[in-house]
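Coordinate analysis (summary)
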Amino acid sequence: MSAQPEPTRDKATEEAQLRAVWAKPTGWRYWTSVNNAQVGLWYGATAFAFMLFAGLLGLLIRAQLAVPQNDLLSAETYNQVYTLHGTVMMFLFAVPIFEAVAIFLLPPMLGARELPFPRLGAFGFWSFLIGGIFVCGSIFFGVAPNSGWFMYPPLATSEQAGIGADIWLLGLSFIEVASLAAAVELIVGIMKCRAPGMRVNLMPLFAWYLLIVAGMILFAFPPLIAGDLLFELQRMFDWPFFDPARGGDPLLWQHLFWIFGHPEVYIIFLPAIALLAMIVPTFARRPIVGYSWIVLAAVGTGFLSFGLWVHHMFATGLPQISLAFFSAASEAVAIPTAVQIFVFIATMLAGRVIFSTPMLFAMGGIAIFVMGGLTGVMVALVPFDWQAHDTYFVVAHLHYVLIGGMLFPVFAGLYYYYPLIGGKHMSDRVGRFAFWLMFAGFNITFFPMHLTGLRGMPRRVYTYPADIGWDWLNLISTMGAVVLGIGMFAVVMDVTLHRRGKPRGEVNPWNAGTLEWISEPEENWGVRSIPRIESRYPLWDQEALARQVNAGDWYLPDAKEGRRETLVTSVLDAEPEQVLRVGGTSYVTIISALTLGTVFVALTFKWWIVSLISGLAFMAAVLWWLWNGTGDIPEKDGKDIGHGISLPLYASGVKSVGWWAMFITMTGDGTAFASLVFGYFFFWTVHADFTGGIAGPGMFWPMMALALFALSWAATLAAREANRRGKLAVAWILLGSGALTSIAGCAAALAGPLTTGMDPTAHVYAAIVWTLVIWAALHGAMGGIMQLYCLARSLAGRLTARHDMELHNVALYWHFMLVTALVTFAVVGLFPEAL
Amino acid sequence: MAALTPVFSACSGVQSALDPAGEESGQVARLFWLMIAGGLPIWAFVVALSLYASRWKLEPLREDTAARVIFWGGVVLPVTVLAALLAYALWLMPSLRPFAGSDDATLRIEITGRQFWWHVVYKRPNGVRVVSANEIRLPVGERVEFALTSDDMIHSFWIPALGGKMDLIPGRQNRLSLRATKVGTYRGQCAEFCGTSHALMAFPAIVMEGAAFETWLNARSRPSSGVHAPGTGRALFERNRCGSCHRIAGTQWQSTAGPDLSHVGSRLTIGAGQLASGSEALASFVADAGAVKAGAHMPANSHLSAAELTEIATWLKGLQ
């Protein structure tokens, strides 16, 4: 398709309109912005700040361990410091930094104006900020979590863990919610908001990786959320999930934690590789060699990462046959990882490499990471792990993997992408200086730890005796840490202090080939017009593309209706489908995050009333947000996006982004539910006397609840059909009675264990039955609220026969709800009968 | 806090997996050196290749040649190396920790983890049963079976010089077997974070000649003659209700809430590997266990005079 400018257009007016519509708010209202460029920047800066904080904690650890029998920190303080160091690095830096980078980079990289749910992204950021400050702040009051970032019960469920354990559980659950929100946003964005013509095999590798990683978040975080739920139920109400005296088992937590924890490592590592996959071709000055290899390898890594978790539990006494299986799987994951490294080597071999600062960090990272990978191969062997597990050898291994595989690539990315922030460049000289300090400091710190660990030093010890062979090794590590710290400090200075003095430079100083380098840092609109893409490196292969895009010659160059709009395209071939109107500047995101944050904080301190009130406020905020910001019926059916293409402004069902968001959210929700069901059967397998002599909920009430929820599901589907045929009154009756049936279903669900007098504090069987039933009832209640929401929308004329996206989404929700109900009530009602 | 007295002074290597004194640790140390011999060249190769590709080469390779590098380096190389390594390690596993039936073991040691000490029971099939704490003694050359559990938190039992670790988990019983190959005094330590003083939960592991071990075990199966020693130590022990937590064989005190003290005087250390045994160390630990070990469950005895502490310590030291 040619990009002929149309003579009738007044480009200056167009541009002014576009600029006004996408303008970022000024003054203190700046913070109400939801635009991806601002949110991405805040997100990244916040994650970076948390990293520096956790880095200081790391220096404290090294200071304490510099000499044997040091009394700089008390045992209790040390335990808080090391717990927070790990927690903050993993939850507040490593994962969020990629959500940040993705939110910032993906729209321009995909040729989109914005991600599909900007307000959700902003909500995620504010949740992250509030939760992060809450968790970090605890150490200044001496009440930080002190049981390790893995929080093993019974220690973490005991009184010795104090309020710190609750801060960890609730603060991080809140942040995990933010991560899931980001995952939904990224998946839908990558699948549905790519520039026309950007078929999946033309997608930038960064987008591929982020799609995989967001999918992994969807299956990895929910088990932890389910674990957190069980954990908090034990801490708050004494439900004995992890107490062996009442049928529980501390190992269940380890399973749930590491089913999350191991994919987490790859959730951190893959996006870093994604940055390298953008950087290496640019500096090799050629397209990547082995595009399909690297995509398949990344997918393979993602899959395998879910089958490795037991290698964190080789010393827990599991049967040797399962250890052997997980050992083999852990070795296998090295293969796709090696493929990815060799793709970079092959690309450099086939190109003419310019060795700049980003490449320096990239290559340094690979050198470090390969070492970590090789020690990973070692600890994946069960007999070796029996020695190395929980020693400084593992501390060395994980820092080699994470700092080489994540921190160095992030710094490479920082130097590489920095020009996109206002067109300023980072100092090459400072960069090289910082690199060598960091590289040397890192190796001086962590290389000796391999030896320290094999000489018998366990992890998480606040002190150690002199003269058993650890003194000088620890002293060297501490000196290295100082050098590493100075290197990081140099970069921080370069980013912050010198920014003002820097001149505006070229936006694409590296002559990179992907779409994000078109963007104009001074503009907030993402792209001036949305191009059609024919290549993986459009700036290299499609001459004049940059000029045409920025001249507004391509699609959707205006915002005549005064709304923020972006293109929605088909999943595989990226053919234009719809003009999507996205949410703009709003307070509602901050209010939602604040109220939800208050719920979690209040729960920590057991302020029940406060948490109830803020919970209701949160629900009100979300309903207001949905009512006013989503599902609007447009003033006209379609819009001309130029070049003779006219697209609808409204879509429902599979074509709408909302439907995808619901599908993805419920997949995550279903994974959390599956984790709870796993818990039920886990208890069944570990104890001969599963029920502990306690009567179950019987068959009647569970079957009744199932029948009622099935009815409510049918009513929802029927209402959608009736509405489609224009029989509004029928739809109203169906929705109203559906909601009533849902409430009756909730009552029936709870009636089961209630009528047989199951006491959840008496035995784990009662506790897990109650948990499943309450889970189903809460979801049923949520389904009822959704039915009423649709009813209200319809009554208000905001949902019509042709504009029925809410009904489609709620019907989808009810499909998931039906499965939840089927599984729950079959498990609690029928399974005990079969025993 | 009190000094961690160097019980093992000048014994660098007493807790090292690289100075093996046991069958499993020996095999694993060999495996480690083997992997180093294989791993370092692989690392050097990858780094050198990257440097060649990015800095040293003069002309770019053709794309299909470069793609072949992915196949050979990314697939063939790791698959070959990993398959061989895995096969060796899997073959090694069953022989290192044979668990088929406990009847094989002629010595069984039951260990229960507590914050922050070890309850130890020795059992021979002939009915010999010895209760002890915070010290492990093993006969050289004999396969010993350990039965591991915990009464409070998760701990992990680990003597690096003899073999790998195994967790002590409440509500579960784990098994481990070790065969020591070299007589000597080694150090073990808790390897799973278990609370405030996790770092201070250690123990000496003493590998003895078979005959010496037998003599030692038989002596420990009878009460110490020290329980009847003259002096006021025993009366003070009774008056201060020490016996409500501590067991001493041959007396009315049989609670195992705290460490067994039946032969405490003959142990190498006090406080689970923290203080070299002696009257003074015993006195300071009795006076304020929490000062040696933050978070210890033993209450302080600040009301006791120095003379009284010495009396108690002397009596305890006499329990040989």
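Calculation notes
Note on numbering: residues in each chain are counted from 1, in written sequence order. Going through the entries in the order they are written, you letter the chains from A and number the ligands from 1. With the structure being a predicted model, the display of local features is reserved for residues of pLDDT at least 70 and the display and counting of side-chain atom pairs for 80 or more, all residues being used for whole-chain, interface and lining totals. Only the stretch in contact is used when fitting a helix axis, every axis being a line fitted to C-alpha atoms; angles between N-to-C directions are given from 0 to 180 degrees. A run of H or I in DSSP becomes a helix once it reaches four residues, and a run of E becomes a strand once it reaches two; helices and strands are each numbered from the N terminus. Here roughly perpendicular refers to angles of 65 to 115 degrees, roughly parallel to angles under 35, roughly antiparallel to angles over 145, and oblique to all remaining angles. Here a crossing is taken to be left-handed if its near helix is turned anticlockwise relative to the far helix by less than a right angle, and right-handed if that turn runs clockwise. C-beta atoms are first placed from the backbone for all residues, and any pair lying within 7 Å is then listed as a contact. Amino acid classes used here: Ala, Val, Leu, Ile, Met, Phe, Trp, Tyr, Cys and Pro are nonpolar; Asp, Glu, Lys and Arg are charged; the rest, including Gly, are polar. In this scheme every C-beta is placed from the backbone, and a residue whose C-beta has 20 or more other C-beta atoms within 10 Å is buried, one with 12 or fewer is exposed, and one in between is partly exposed. UniProt positions are given in the numbering used here, feature names are shortened, and annotations may be inferred rather than shown by experiment. At least two bridges found by DSSP between two strands are what make those strands a pair.

1. Thoughts on the packing of helix 7 (residues 250-284) of chain A against helix 13 (residues 392-417) of chain A
All names here are of chain A. Closest axis-to-axis distance for the helix 7/helix 13 pair is 8 Å, and the angle between their directions is 40°. Overall, the two elements helix 7 and helix 13 adopt an arrangement that is oblique. Crossing of helix 7 over helix 13 shows left-handed handedness. On the side of helix 7, the interface is formed by Ile268, Phe269, Ala272, Leu275, Leu276 and Ile279, while helix 13 contributes Leu402, Gly405, Met406, Pro409, Val410, Ala412, Gly413 and Tyr416. Residue composition of the contact of helix 7 with helix 13, by class: twelve nonpolar, two polar and no charged.

2. Quick look at the interface of chain B and chain A
Accessible area lost upon the coming together of the parts serves often as the stated size of an interface. Contacts between chain B and chain A engage 77 residues on the former and 73 residues on the latter. Going through the elements one at a time, helix 1 (23-56), helix 2 (63-96), strand 7 (166-168) and strand 9 (184-189) of chain B are the ones with two or more residues in the side of chain B that touches chain A. At 19 residues, the largest contribution of residues to the side of chain B that touches chain A is made by helix 2 of chain B. Partitioned by chemical class, the residues of the side of chain B that touches chain A number 49 nonpolar, 20 polar and eight charged.

3. Examining the environment of Ala105(B)
Residues and elements named next belong to chain B. The residue Ala105 is located in the loop between helix 2 and strand 1 (107-114) in this model. Residue classification places Ala105 among the buried residues on the basis of 20 C-beta atoms within 10 Å. In the structure, Ala105 is positioned 40 residues away from Glu145 in sequence and 5.9 Å away in space, judged by C-alpha atoms. Here Ala105 is in contact with Arg143, Val144, Glu145 and Ser177, once residues within four sequence places are set aside.

4. As for the UniProt feature "domain: Cytochrome c" (unreviewed entry) in chain B
Following the UniProt record, the feature "domain: Cytochrome c" (unreviewed entry) maps to residues 228-320 of chain B here. Along residues 228-320 of chain B, the helical share is 34% and the strand share 4%, with 12 Å between the first and last C-alpha atoms.

5. Observations regarding the sheet that holds strand 10 (residues 202-208) of chain B
Residues and elements named next belong to chain B. Pairing is mixed in the open sheet, where three strands are placed in the order 4-10-9. In this open sheet, the two strands that pair with only one neighbour each are strand 4 (136-139) and strand 9. Each neighbouring strand pair of the sheet contributes to a mean axis angle of 25°, computed without reference to strand direction. The pairing of strand 9 with strand 10 spans six bridges and is classified as antiparallel. When the bridges of strand 10 are listed, Thr185 appears paired with Ile206.

6. Concerning the pairing of strand 1 of chain B
All names here are of chain B. Examined bridge by bridge, strand 1 and strand 5 (residues 143-150) share seven bridges and lie parallel to one another. For Leu107, the partnering residue across the bridge sits in strand 5 and is Val144. One ladder, built from seven bridges, connects strand 1 with strand 2 (residues 117-123); its direction is antiparallel. By the bridge assignment, Ile111 is partnered in strand 2 with Val120. Hairpin connection of strand 1 to strand 2: two residues between the antiparallel strands.

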